[in-house]
Amino acid sequence: MALDSPTSYADAVAAAVQAAAAYYTDGSTPLGDDEYDALVREIEAWEQAHPDQVLPDSPTGKVAGGAVVGDVPHSVPMLSLDNVFSAGELADWAAGLERRLGRQVDGWCVEPKLDGLAVAARYQAGQLAQLITRGDGLAGEDITHATDAVLGLPQQLAEPIDIELRGEVLLTQEQFDRANEIRLAHGAVPFAHPRSGAAGTLRAKDRPYRIELTFFAYGAVSHLTDLGHTALLERLAQLGANTAATTAAHPLRCATIDEVQQRVEEIAALRAALPFGIDGVVIKADSAADQEQAGSGSRAPRWAIARKLAAVHKVTRLLGVEWNVGRTGVIAPRAVLEPVVIDGVTVTYATLHNPADITRRGLMLNDQVFVYRAGDVIPRVEAPLVDERTGDELPIVFPEVCPRCGDAIDTSQQRWRCVRGRGCEAVASIRYAVGRDQLDIEGLGGTRAVQLVEAGLVADVADLFALTRNQLLALDRMGETSTDKLIAAIETARTQPLNRVFCALGVRGTGRTMSRRIAAHFGSMAAIRAADAEAFAEVDGIGTEKAQVIVTELAELAPVLDKLAAYGVGTEETTPARSAVADVGEQTGPLDGQAVVVTGSMTGPLADLSRNQMNELIERAGGKASSSVSKRTTLLVAGEKAGSKRTKAEELGIDILTPENFAQLIADYLPGT
Ligand code: IVH
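Owing to the predicted nature of the structure, the values given are computational and were not obtained by experimental measurement.

A.B. asks: Could you clarify how one ought to interpret the nonpolar core in this entry?
C.D. replies: Looking at soluble globular proteins, one finds that nonpolar side chains tend to be buried together. Among the nonpolar cores identified, the biggest contains 48 residues, and Ile441, Leu464, Leu505, Ile518 and Phe536 are the most heavily contacted of them. Among all residues touching Leu505, those that are not within four sequence positions of it are Arg422, Val461, Met525, Leu557, Val560, Leu561 and Leu564. Counting 35 residues, the second-largest nonpolar core is a separate cluster that includes Ala121, Leu131, Ile143 and Leu202.

A.B. asks: Teacher, can you tell me more about the site of the ligand here?
C.D. replies: In the neighbourhood of the ligand, 14 residues make up the surrounding shell, with Glu111, Lys113, Arg134, Glu168 and Lys284 lying closest. One of the side-chain N or O atoms of Glu111 is found 2.7 Å from a nitrogen atom in the ligand. Measuring from a nitrogen atom of the ligand, one finds a backbone N or O atom of Leu114 at 3.0 Å. Here the element with the most residues in the shell around the ligand is strand β3 (residues 108-114); it accounts for four residues.

A.B. asks: Explain the packing of helix α10 (residues 426-433) against helix α11 (residues 447-454) here, please?
C.D. replies: Each pair of packed helices can be described by the angle between their axes along with the distance between the axes. In the contact formed by α10 and α11, the axes pass within 9 Å of each other and the chain directions differ by 130°. When the interaxial angle is binned, α10 and α11 end up oblique. Where α10 crosses over α11, the two elements pack in a sense that is right-handed. Between α10 and α11, the contacting residues are Ala426, Val427, Ile430 and Arg431 on the first element and Thr447, Ala449, Val450 and Val453 on the second. Among the residues making up the contact of α10 with α11, the classes are represented as six nonpolar, one polar and one charged.

A.B. asks: Whenever I open this one, the pairing of strand β11 (residues 278-285) confuses me. Can you help?
C.D. replies: Side-chain direction in a regular strand flips from residue to residue, so the side chains alternate between the two faces of the sheet. The buried fraction of β11 amounts to eight of the eight residues, a majority that puts the element mostly inside the structure. Where β3 and β11 come together, seven bridges link them in antiparallel fashion. In the sheet register, Val110 faces β11, and the bridge partner there is Ile283. Of the pairings in the sheet, the one linking β11 to strand β12 (residues 304-308) comprises five bridges and is antiparallel in character. Within β12, the position partnered with Val281 by the bridge is Arg307.

A.B. asks: How should the sheet that holds strand β7 (residues 150-151) be read in this particular structure?
C.D. replies: Taken in spatial order, the five strands line up as β5-β4-β8-β9-β7 in an open sheet, and their pairing is mixed. Edge strands, defined here as strands with exactly one partner in the open sheet, are β5 (127-133) and β7. Pairing geometry for strand β8 (residues 163-170) and strand β9 (residues 213-221), over seven bridges, is antiparallel. Bridge assignment links Leu165 to a residue of β9, and that residue is Ala220. Contacting β4 (117-124), β5, β8 and β9, helix α5 (residues 194-203) crosses the sheet at an angle of about 40° to β4.

A.B. asks: Whenever I open this one, α5 confuses me. Can you help?
C.D. replies: Side chains that are three or four residues apart share a direction in an α-helix, a result of its 3.6 residues per turn. Buried residues dominate α5, accounting for eight of its 10 residues. Among the residues of α5, those classed as buried are Pro194, Arg195, Ser196, Gly197, Ala198, Ala199, Thr201 and Leu202.

A.B. asks: Help me out: how do you make sense of α11 in this one?
C.D. replies: Among the residues of α11, those classed as buried are Arg448, Ala449, Gln451 and Leu452. All buried residues of α11 lie within an arc of 160° about the axis, which places them on one face of the element. Among the exposed residues of α11, those oriented more than 90 degrees off its buried face are Thr447 and Glu454. Check the buried side of α11 and you find it contacts α10, α12 (469-473) and α13 (480-493). Following α11 by one or two positions, Gly456 adopts a phi angle in the positive range, close to 75°.

A.B. asks: What should I look at first to understand the side chain of Arg183 in this one?
C.D. replies: By secondary structure assignment, the location of Arg183 is in helix α4 (residues 173-185). Excluding its chain neighbours within four sequence positions, the residues that come into contact with Arg183 are Ala188, Val189, Pro190, Phe191, Arg207, Tyr209 and Ile211.

A.B. asks: Before we go on, may I ask you to explain the pattern of salt bridges in this structure?
C.D. replies: Side chains bearing opposite charge may pair, as long as their charged atoms lie close to each other. Within this structure, the stated rule accounts for 36 salt bridges. A salt bridge links Asp115 to Arg195, with the shortest nitrogen-to-oxygen separation between them at 3.1 Å. Of this pair, Asp115 sits in the loop between β3 and β4 while Arg195 is found in helix α5, placing the two residues 80 residues apart along the sequence. Arg195 matches Asp115 in its accessibility class, with the two residues each being buried.

A.B. asks: Explain unusual backbone geometry here, please?
C.D. replies: Across the chain, the bulk of peptide bonds are trans and the bulk of non-glycine residues have phi less than zero. In this model, Ala125 sits at a positive phi of 45°, which is unusual for a non-glycine residue. A relative accessible area of 44% places Ala125 in the partly exposed class. Even without a glycine there, the phi angle at His353 is positive, about 65°. Following the sequence through the fold, His353 ends up in the loop between β15 (345-351) and α9 (355-361). The exposure class of His353 is partly exposed, given its relative accessible area of 40%.

A.B. asks: What exactly am I supposed to notice about a positive patch on the surface here?
C.D. replies: A cluster of like positive charges, contributed by Arg517, Lys624, Lys631 and Arg632, occupies part of the molecular surface. Note that Lys631 resides in the loop between β21 (624-626) and β22 (635-638). Taking the relative accessible area as the measure of exposure, Lys631 reaches 77% and is therefore exposed.

A.B. asks: I would appreciate a short explanation of the sheet that holds β11 in the present structure.
C.D. replies: Strands belonging to one sheet form pairs held by backbone hydrogen bonds; the direction of such a pair is parallel or antiparallel. In spatial order, the strands read β2-β12-β11-β3-β10; together these five strands make up an open sheet with mixed pairing. The sheet is open, and its two edges are formed by β2 (83-84) and β10 (252-254), each paired on a single side. Its contacts with the sheet place helix α7 (residues 257-270) against β3, β10, β11 and β12, and it is angled at close to 25° to β3.

A.B. asks: What should I look at first to understand the state of the cysteines in this one?
C.D. replies: By definition, a disulfide links the sulfur atoms of two cysteines through a covalent bond. Counted according to the given criterion, the structure contains zero disulfides. Cys424 takes part in no disulfide bond, and the closest cysteine sulfur, belonging to Cys402, lies 3.7 Å away. Using a relative accessible area of 11% as the deciding quantity, one classes Cys424 as buried.

A.B. asks: Whenever I open this one, the confidence of the model for the protein chain confuses me. Can you help?
C.D. replies: Scored by pLDDT, the protein chain comes out at a mean of 90, with 95% of its residues at no less than 70. Element-level pLDDT for the protein chain is lowest in helix α20 (residues 578-583), with a mean of 40, against a maximum mean of 98 in β3. Below pLDDT 50 for its whole length, residues 576-587 participates in 16 contacts with residues either more than four positions away or in separate chains.

Calculation notes
Residues numbered from 1 in each chain as written. Predicted model: local features only at pLDDT ≥ 70, side-chain atom pairs only at ≥ 80, totals over all residues. Heavy atoms only, no water. Core = buried A, V, L, I, M, F, W, Y, C linked by side-chain atoms within 4.5 Å. Buried < 20%, exposed > 50% of the residue type's maximum accessible area, 1.4 Å probe, protein only. Contact = heavy atoms within 4.5 Å. Near = heavy atom within 4 Å. Polar contact = N/O pair within 3.5 Å; in protein donor to acceptor, adjacent residues only side chain to side chain. Helix = DSSP H or I, 4+ residues; strand = E, 2+ residues; numbered from the N terminus. Axes fitted to C-alpha atoms, helices over the stretch in contact; angles between N-to-C directions. Parallel < 35°, antiparallel > 145°, perpendicular 65-115°, else oblique. Left-handed = near helix turned anticlockwise from the far one by under 90°. Nonpolar A, V, L, I, M, F, W, Y, C, P; charged D, E, K, R; others polar. Pairing = 2+ DSSP bridges. Arc of directions from axis to C-beta. Salt bridge = Lys/Arg side-chain N within 4 Å of Asp/Glu carboxyl O. Patch = residues over 30% accessible without salt bridge, like charges linked within 9 Å, V, L, I, M, F, W, Y side chains within 5 Å. Areas by Shrake-Rupley, 256 points an atom, 1.4 Å probe, with all protein chains shown as cover. Lys, Arg positive; Asp, Glu negative; His and termini not counted. Charge placed at Lys NZ, Arg CZ, Asp CG, Glu CD. Disulfide = S-S within 2.5 Å. pLDDT = per-residue confidence, 0-100.

Here is the structure:
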């Protein structure tokens, strides 16, 4: 929306000034970063068209939007960065710089744009003497009191030199979570997000608690002027300062702008996995000669640019809270939001973790809230904007009984649970257990599962194996034929291999693939039950955290497991996966050593097999099944409508078979042969 009058321009300036002041003082803001950037771009456009009407307050052309001043003059101005928002704009900027220099730039340095606060750290004879905020770029505030709590900013450098380090102070995600734990324990309001936490913490004095921060150096004022930027960063690390070199998004010297663009994409892709927030990627001409010749404007250097990434925090309204009961009886609150686009994805729901979390964050219905989403993470509500309240906010009502079955709620833990635990979800868990990839019992997917649970015949998956013909016949709408069919299906399921029986238990964090791995690794249900977290962590793909969850869940499932053992169901693995075979050094099967991917719909003898059954088959025949094509893939089974996986396999020169040819290859291993 473009500005169309002096009044709308003045309003926009006032809104931007207010947002910048909040952002640079306590890190809070009524606008998300994207909205602020967009507002400033509108203001700039209007000012270009009306250069005689520019307001003195305008944030354009000023460091920190002109928001803050301090009283310690900077040795050399602390500049800001100009922004570009796309690969095209970045290419144009680079071409412009090369035109200005009259030659090609001698290498670029590409590094993360850390989302914290800029500081200058003055060292005298290697000793940390003073820490200053950026302020308005010409003078900042003295925050030397905060140095003790900043990791990566040594009190003493490795050499006794005079130097001023420049860099960013932030809260890593871990430090942010820890900070909010500490603040809650002290009855303080939690930080809305990491940057506001860092801003508040740097300025705070006399807090009764200590919050740790992290410093990353990205520049210096020193005699080291002839070093290129990459070399300077290395030198700063040698001196003992923390730099981004230790992270996956480490600074990288690139020779061409194509390499730069590629590295930008890489860093952007790493974003969600980084332990700290970034809001962009900074591209700098690497050589000191290029930097010097390009020079700087009053606000930003001409030799560097920030390629901004979409904001991962957005402000929206909390419309409601839903309470969902999971398979294990956990009652989890979920925020219903006014839809908001975060990094190209419309977010309507966000996790609220647990009821204590809602209380802790002091959330109310109709609140404006900060929502976070990056990469594939589940969006989460971080905090309300308490200053934006209008009086129309309402308390969030917590359920008093289980929203699904109406029984009581166990509120003794942080995560609330229906007192019936898995029993509450008996129907859902039984439907899951009888699924095609688990026990594969036809006829129990629909209302019959409800009928069995309501009749009190079945409370968990094990009870299925104790059902008698007479019990079934006594049910409504159960004739002789359907009863016999169901009994026969249950009889067949009795001989399902361990991996499927294990999968049927619905242990959190274990789907089909993981169940196969666990079954192959341990070989028997008894061994699985005897395993501790350490033993589970030896299974490929299980980390220490997941291992602990599995052990806890299995302990809870003990009564079900006892019953299964008594009925002789799922005691041993009858179809060892490839890895188990390899463990004992045997080489069997036509797919020995093959890494196989299946794509498209199967036809011929394989037409009826689910993807899971295909994977089981591959592993029985000695191969390793995986879901994506990579350099390691040796064979692709491509059915009808095979798409991008086929193209990729063709590009990589991987063997491709039709389902029919593949069926011939592994004929001896087909089910029923
Ligand atoms: S260079 C003269 N490098 O972004 C060069 N700045 O939006 C100026 N920032 O004020 C800064 N990561 O607070 C530089 N790798 C990085 C950075 C970085 C974050 C911050 C810095 C700067 C702001 C501009």
